[in-house]
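# Summary of structural features
Listed below, chain by chain, are the residues.
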Amino acid sequence: FEQLTQRAEELTREVRAIEAELEALLAKILREARVIATSLTKATIAPQMDDQKFDVVVVDEASMAPMPSLYFAAGRATQKAIVVGDFRQLPPIVQAKFGMAQKWLGRDIFNQAGVQRAVDEEKREPRLTMLRRQYRMHPTISKVSNSIIYGGRLVDFLSRDVLRDITAFLEKSPFPKTPLVLYDVSSANPWSSHLKSKRGRYNLYTAVLSAELAKRAAAVWGIERVGVISPYALHARLIKMILDDSGDPKLRHLKVSTVHRFQGLEQEVIIFDIGEGPMPRYGPSGLVDGVELASQAA
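Residues numbered from 1 in each chain as written. Predicted model: local features only at pLDDT ≥ 70, side-chain atom pairs only at ≥ 80, totals over all residues. Heavy atoms only, no water.

### Let's talk about the sheet that holds strand 7 (residues 269-272)
In spatial order, the strands read 6-5-7; together these three strands make up an open sheet with parallel pairing. The sheet terminates laterally at strand 6 (255-258) and strand 7, the two strands that pair on one side only. Taking each pair of neighbouring strands and ignoring which way they run, the sheet shows an average axis angle of 25 degrees. With respect to the sheet, helix 9 (residues 204-221) is in contact with strand 5 (226-230) and strand 7, its orientation differing from that of strand 7 by roughly 175 degrees. (Pairing = 2+ DSSP bridges. Helix = DSSP H or I, 4+ residues; strand = E, 2+ residues; numbered from the N terminus. Axes fitted to C-alpha atoms, helices over the stretch in contact; angles between N-to-C directions. Contact = heavy atoms within 4.5 Å.)

Rendered as structure tokens:
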């Protein structure tokens, strides 16, 4: 027993020595690096970032950043802080409902700085630079957000080669061979519900439909090209369960997630299931009637 104890102590010392070497190596890298890429959370709480200062700090996806964390990160800049994000997209996730939490954690920096108000009122905002070109999606898809959210300001900039590849891709489609397909299931009265113990909603009817669409898409285009997204974590988990229980082990690897968790990712095929339906007892979601544009995806 004494020999085992002694050996364990020796191994513990060796591990601590290795950890100290790694810490020293990391500190050296941070001192000498010209560019450091890290998460906002790491920039705020990581001990290696203590007392670090930078000429320029760039914060990406800033619309989702809680302002205290963003202020802290920007405070590490000695010359310039650049905030990059889209206030038409996802806001910060806030679970608490009381006023101060919503005031300081629920608003993004664009709202706080008055940038969003200036854009809404079509006033010139000298601090804002809009990236108008979009290279990500087919013009038929971008037209939806461009007309509803961006006031027609976006410019489609896909090359002819990319458009040709998309056309060839759509030729294999098991659905209508168009870039955007809408499924209206209202005639089936697809009621949705919620659990008292959890936020969000689920809809068994649309979950089964989305799972079936995902199976058909994956069979033609491959698992790695297809993603399924819902505003509600509860509904996304239901779709995932249906796919996992389908009997096809490959479908377990299909990406099924919430709007927030899918942020920054992209797939060639996306099935977006809002999970909504008639709810006579507690009314439609704010996501549908336009009152609340935040996702309950936590």
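### Some remarks on the pairing of strand 7
Regular strands have side chains that alternate between both faces of the sheet. Only one face of strand 7 is covered, namely the face carrying V269 and I271; the face carrying I270 and F272 is uncovered. In terms of strand pairing, strand 5 meets strand 7 through four bridges, oriented parallel. For V226, the partnering residue across the bridge sits in strand 7 and is V269. (Buried < 20%, exposed > 50% of the residue type's maximum accessible area, 1.4 Å probe, protein only.)

### Looking at a nonpolar patch on the surface
A contiguous nonpolar surface patch, about 550 Å² in accessible area, is contributed by I141, V144, I148, I149, L180 and L182. The topology assignment puts V144 in helix 7 (residues 139-148). (Patch = residues over 30% accessible without salt bridge, like charges linked within 9 Å, V, L, I, M, F, W, Y side chains within 5 Å. Areas by Shrake-Rupley, 256 points an atom, 1.4 Å probe, with all protein chains shown as cover. Salt bridge = Lys/Arg side-chain N within 4 Å of Asp/Glu carboxyl O.)

### Here's the deal with the nonpolar core
Judged by nonpolar contacts, the single largest core of 21 residues is most densely connected at V228, L243, L254 and V256. For this core, the secondary-structure elements that each account for two or more residues are helix 9, strand 5, helix 10 (233-244) and strand 7. Of all the elements, helix 9 adds the most residues to this core, at seven residues. Excluding residues that lie within four positions of it along the chain, V228 makes contacts with A214, I239, L254, K255, V256, S257, F262 and I271. Counting residues in hydrophobic clusters, the runner-up holds 16 residues, among them M49, A65, M67 and F110. (Core = buried A, V, L, I, M, F, W, Y, C linked by side-chain atoms within 4.5 Å.)

### What to know about the environment of L70
Mapped onto the fold, L70 is located in helix 3 (residues 67-74). You can call L70 buried: its relative accessible area is 4%. Between the C-alpha atom of L70 and that of L154, which follows or precedes it by 84 residues, the distance is 27 Å. If we ignore the near neighbours within four places in the chain, the residues touching L70 are L40, V59, A62, A65, V83 and I109.

### Some thoughts on the packing of aromatic side chains
Describing an aromatic ring pair means giving the distance of the ring centres and the angle of the ring planes. Scanning the entire structure with this criterion turns up four aromatic pairs. Where Y135 meets F157, the ring centres are 5.7 Å apart and the plane angle is 70 degrees; that geometry is what we call edge-to-face. You can see Y135 sitting in the loop between strand 3 (133-134) and helix 7 and its partner F157 sitting in the loop between strand 4 (155-156) and helix 8 (160-170), a full 22 residues away along the chain. (Phe/Tyr/Trp six-rings, centres within 6.5 Å; stacked < 30°, edge-to-face > 60°.)

### Here we look at the pattern of salt bridges
Note that side chains of opposite charge can pair when their charged atoms are close. Counted according to the given criterion, the structure contains 12 salt bridges. The closest approach of N and O atoms between D161 and R164, which form a salt bridge, is 2.9 Å. In this pair, D161 and R164 both sit in helix 8, three residues apart, roughly one turn of the helix. We classify D161 as partly exposed; its relative accessible area is 44%. The partner of R225 in a salt bridge is E268, and the shortest N-O contact between them spans 3.1 Å.

### Digging into the pairing of strand 2 (residues 77-83)
Bridge analysis of strand 1 (residues 54-59) against strand 2 gives five bridges, and the strand direction is parallel. Bridging across to strand 2, V58 finds its partner in I82. For the handedness criterion, the β-α-β arrangement of strand 1, helix 3 and strand 2 is classed as right-handed. (Right-handed = clockwise from strand over helix to strand, strands pointing away.)

### Describing the side chain of E125
Mapped onto the fold, E125 is located in the loop between helix 6 (115-120) and strand 3. With sequence-adjacent residues up to four places away left out, E125 is seen in contact with G114, V115 and A118.

### Notes on the packing of helix 9 against helix 10
The contact between helix 9 and helix 10 brings their axes to 9 Å, and the two run at 50 degrees. Between helix 9 and helix 10, the angle is such that the two are oblique. Between helix 9 and helix 10 lies a crossing of right-handed hand. Facing helix 9, whose interface residues are L204, T206, A207, V208, S210, A211, A214 and K215, helix 10 presents H235, L238, I239, I242 and L243. Classifying every residue of the contact of helix 9 with helix 10 gives nine nonpolar, three polar and one charged. (Parallel < 35°, antiparallel > 145°, perpendicular 65-115°, else oblique. Left-handed = near helix turned anticlockwise from the far one by under 90°. Nonpolar A, V, L, I, M, F, W, Y, C, P; charged D, E, K, R; others polar.)

### A word on the confidence of the model for the chain
Looking at the chain as a whole, its pLDDT mean stands at 88, while 92% of the residues score no less than 70. Taken together, the stretch residues 292-298 has pLDDT below 50 and engages in 23 contacts with residues farther than four places along the chain or on a different chain. (pLDDT = per-residue confidence, 0-100.)

### Observations concerning the side chain of N146
Mapped onto the elements, N146 comes out in helix 7. N146 gets classed as buried once you look at its relative accessible area, which sits at 13%. Reaching out from N146, the side chain makes a polar contact with the backbone nitrogen of L154 at a distance of 3.0 Å. Non-local contacts of N146, meaning those with residues more than four positions away in its chain, are made with G151, G152, R153 and L154. (Polar contact = N/O pair within 3.5 Å; in protein donor to acceptor, adjacent residues only side chain to side chain.)

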